[in-house]
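# Structural overview
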Amino acid sequence: KDKFPKAEHHYLVLPLERIQNIASLKPEHVPLVKRMVTTGWELADKHPTHRFRLGFHAIPSMSQVHLHVISQDFNSDRLKTKKHWNSFTSEYFINPEIILDKLISKGKYVPISKVEGDELLKRDLECHICQHKPKNIVDLKKHLLTH
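Computed from a prediction, not measured in an experiment: that's the story for all the values here. (Residues numbered from 1 in each chain as written. Predicted model: local features only at pLDDT ≥ 70, side-chain atom pairs only at ≥ 80, totals over all residues. Heavy atoms only, no water.)

A word on the side chain of serine 76. Of note, serine 76 is situated in the loop between strand E3 (67–71) and helix H2 (82–89). For serine 76, a relative accessible area of 9% translates into the label buried. A polar contact is formed between the side chain of serine 76 and the backbone oxygen of proline 5, at a distance of 2.5 Å. At a separation of 2.9 Å, a polar atom in the side chain of serine 76 contacts the main-chain amide nitrogen of arginine 78. (Helix = DSSP H or I, 4+ residues; strand = E, 2+ residues; numbered from the N terminus. Buried < 20%, exposed > 50% of the residue type's maximum accessible area, 1.4 Å probe, protein only. Polar contact = N/O pair within 3.5 Å; in protein donor to acceptor, adjacent residues only side chain to side chain.)

For helix H4 (residues 114–121), every residue scored as buried is listed here: Gly117, Leu120 and Leu121. Buried residues of H4, seen end-on, are gathered within an arc of 95 degrees and therefore sit on one face of the element. Next to the buried residues of H4 lie H2. (Arc of directions from axis to C-beta. Contact = heavy atoms within 4.5 Å.)

Next up, the structure:
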């Protein structure tokens, strides 16, 4: 489980191998990333009434590669800021298939810059289901309960 969950179900899948971040992944890590994804979906499958997404943060806060497995309810008192929201609902949250594709086709994944990441995190709030644009995080959380 994530130490600071941003949804009702929020897990981290970490490899035993010490890998600093997604930019450190190499083609030989493809089987490892695939196993992380399989493990992530196995965790998600334990909660059949919830929808899940899996992804890596473009610029992670933790210096060990980790895959987020997060239910799409975003029902958590730890979800407090626009930055939290956007880190899971914008291009900042990278589908593992994109990482795998780049490792296979290019031999590496080149992440976005810090400036680009900061811009994604500063975007206006927008519901990930219906594109409603609430004025603040409190309104967003109320709105999410309607889905």
